[in-house]
Amino acid sequence: MSDNGSVTPEPAPGQPTTDRVKGIFSAIAPSYDRFNRLSSLGIDRWWRRKTVRLAQLRPKSRVLDLAAGTGDLTMAIARQGEPASIMSTDFVPEMLEIGRQKAALFEGTTRIEFEVADAQDLPFGDDEFDVVTIAFGVRNLPDRAANFREVHRVLRSGGRYVILEFSRPRLKPFRALYHFYLRTVIPFLGGMLTGDRSGFDYLNESILAFPSQVTLSAELHKAGFSSVEWHDLTFGIVAVHVAVK
Ligand SMILES: C[S@@+](CC[C@H](N)C(=O)[O-])C[C@H]1O[C@@H](n2cnc3c(N)ncnc32)[C@H](O)[C@@H]1O
């Protein structure tokens with residue numbers, strides 16, 4: 001109930017709200033990496049490696065990693081892409097802190113910095129980055145259009161926005177099997193690791209509610225990106241979209 005007496009409606013299944021998303025990720029931060037490895041059977045590492053390749057990094061690249069969480073994509077970029085710098089950001093400090101601990105063990109030349117930031121309202125100047133990345137983060141944004149506008153602003157002309165996200169498998173029988181896995185195994189695993197399965201019900205619902213590859217591409221075009229392509233991985237369970245400013 002709000003101050004003026006009106007009842008605030010429950011968000012629809014899979015619909016992100018800022019409070020809901022912050023609450024879920026601050027609670028699961030300590031178990032997040034273990035959950036990822038188990039639920040994807042380790043394939044998430046390969047998805048991240050493929051994402052780094054598609055980012056086409058160069059030694060002078062300045063990279064911004066959004067919704068970086070515990071820093072798995074940030075660290076894959078540093079190790080495999082070896083850009084000049086990575087700004088790793090997330091709006092949940094508990095998640096970012098785990099990334100910071102991983103970066104402290106890194107011995108390469110890439111400069112890695114961390115900043116708490118909302119992906120829909122970026123505290124960076126225009127044209128500051130050559131590449132912006134986001135892995136499994138776009139799905140959690142209540143206002144995707146605001147994120148696309150902001151990324152377009154902070155990228156230099158010709159810069160790339162590389163999005164790794166759950167998507168829509170094309171083959172129907174496979175899709176049915178995958179949805180069964182999402183509805184049963186994921187909440188069970190999440191509940192076992194954290195003692196609370198409700199956040200994992202949200203994660204599933206948000207995957208099922210997320211737009212197809214074609215619709216996401218259309219949204220990126222509408223935000224002003226000049227070219228957009230996508231690459232399905234593991235039969236389209238995830239897709240990497242690459243949008244060029
Ligand atoms: C599923 S995790 C992905 C973490 C990491 N990128 C990875 O690949 O493992 C989603 C992350 O998005 C972050 N997030 C969600 N909404 C955000 C927002 N509006 N601004 C910044 N971070 C956000 C959450 O805090 C969480 O750490």
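What you see is a predicted model, and the numbers here were worked out from it, not measured in a lab. (Residues numbered from 1 in each chain as written. Predicted model: local features only at pLDDT ≥ 70, side-chain atom pairs only at ≥ 80, totals over all residues. Heavy atoms only, no water.)

**Here we look at the site of the ligand**
Stage number 1. Contacts to the ligand come from 20 residues, most closely from Tyr32, Arg48, Ala67, Asp90 and Ala135.
Stage number 2. Separating an oxygen atom of the ligand from a side-chain N or O atom of Arg48 is a distance of 2.8 Å.
Stage number 3. Between the ligand and Phe91 there is a distance of 3.3 Å, counted from a nitrogen atom to a backbone nitrogen or oxygen.
Stage number 4. For the ligand, the accessible surface in isolation is 600 Å², of which the surrounding protein chains cover 99%.
Stage number 5. According to the grid-proximity analysis, the pocket containing the ligand is the largest pocket.
Stage number 6. Residues of the shell around the ligand, tallied by class, amount to 13 nonpolar, four polar and three charged. (Near = heavy atom within 4 Å. Polar contact = N/O pair within 3.5 Å; in protein donor to acceptor, adjacent residues only side chain to side chain. Areas by Shrake-Rupley, 256 points an atom, 1.4 Å probe, with all protein chains shown as cover. 1 Å grid on protein atoms, 1.4 Å probe; cavity = no way out; pocket = protein on both sides within 12 Å on 5 of 7 lines; lining within 4 Å. Sits in = over half its atoms within 2 Å of the grid points. Nonpolar A, V, L, I, M, F, W, Y, C, P; charged D, E, K, R; others polar.)

**Some details on the packing of aromatic side chains**
Stage number 1. On inspection of all chains with the given rule, the structure shows eight aromatic pairs.
Stage number 2. For the ring pair Trp47 and Phe166, a centre distance of 6.2 Å and an interplane angle of 85° mean the geometry is edge-to-face. Taken together, the residues Trp47 in helix H3 (residues 43-54) and Phe166 in strand E5 (residues 155-166) connect sequence positions 119 residues apart. Residues Trp47 and Phe166 agree in their burial class; the two are buried.
Stage number 3. Seen from their ring centres, Phe148 and Tyr161 are 6.2 Å apart, and the 75° between their planes marks the pair as edge-to-face. (Phe/Tyr/Trp six-rings, centres within 6.5 Å; stacked < 30°, edge-to-face > 60°. Helix = DSSP H or I, 4+ residues; strand = E, 2+ residues; numbered from the N terminus. Buried < 20%, exposed > 50% of the residue type's maximum accessible area, 1.4 Å probe, protein only.)

**Some points on the layout of surface pockets**
Stage number 1. The space that makes up the largest pocket amounts to roughly 830 Å³.
Stage number 2. Lining the largest pocket we find 45 residues, and of these Tyr32, Asn36, Phe136, Arg139 and Phe166 sit closest to its centre.
Stage number 3. For the lining of the largest pocket, the secondary structure elements donating two or more residues are helix H1 (18-28), helix H2 (32-39), H3, strand E1 (62-66), helix H4 (72-81), helix H7 (172-194) and helix H8 (198-209).
Stage number 4. Counted by class, the lining of the largest pocket contains 29 nonpolar, nine polar and seven charged residues.
Stage number 5. When its volume is computed, the second largest pocket comes out at roughly 240 Å³.
Stage number 6. What lines the second largest pocket is simply Arg37, Arg45, Arg48, Arg49, Asp72, Met75, Ala76, Arg79, Gln80 and Lys102. (Points joined across faces, edges and corners; volume = space filled by probe spheres on them.)

**With respect to the packing of H2 against H7**
Any two packed helices are characterised by the angle at which their axes cross and by the distance between the axes.
Stage number 1. Contact geometry of H2 with H7 gives a least axis separation of 10 Å together with a crossing angle of 145°. Both H2 and H7 take part in a crossing whose hand is right-handed. Here Arg34, Phe35, Leu38 and Ser39 of H2 lie close against H7, whose contacting residues are Tyr181, Ile186, Leu189, Gly190 and Leu193.
Stage number 2. For the contact of H2 with H7, the per-class residue count stands at six nonpolar, two polar and one charged. (Axes fitted to C-alpha atoms, helices over the stretch in contact; angles between N-to-C directions. Left-handed = near helix turned anticlockwise from the far one by under 90°. Contact = heavy atoms within 4.5 Å.)

**Some remarks on the sheet that holds E5**
Stage number 1. The seven strands lie next to each other as E3-E2-E1-E4-E5-E7-E6, forming an open sheet whose pairing is mixed. Two strands lie at the open edges of the sheet, namely strand E3 (111-116) and strand E6 (227-233), each paired on one side alone. Ignoring which end each strand starts from, the neighbouring axes of this sheet average 15° apart.
Stage number 2. One ladder, built from four bridges, connects E1 with strand E2 (residues 85-90); its direction is parallel. The residue of E2 that forms the bridge with Leu64 is Met87.
Stage number 3. Here helix H5 (residues 93-104) sits on the sheet in contact with E2 and E3, set at roughly 165° to E3. (Pairing = 2+ DSSP bridges.)

So, to be careful, I would describe these as geometric facts and stop short of saying anything about function.
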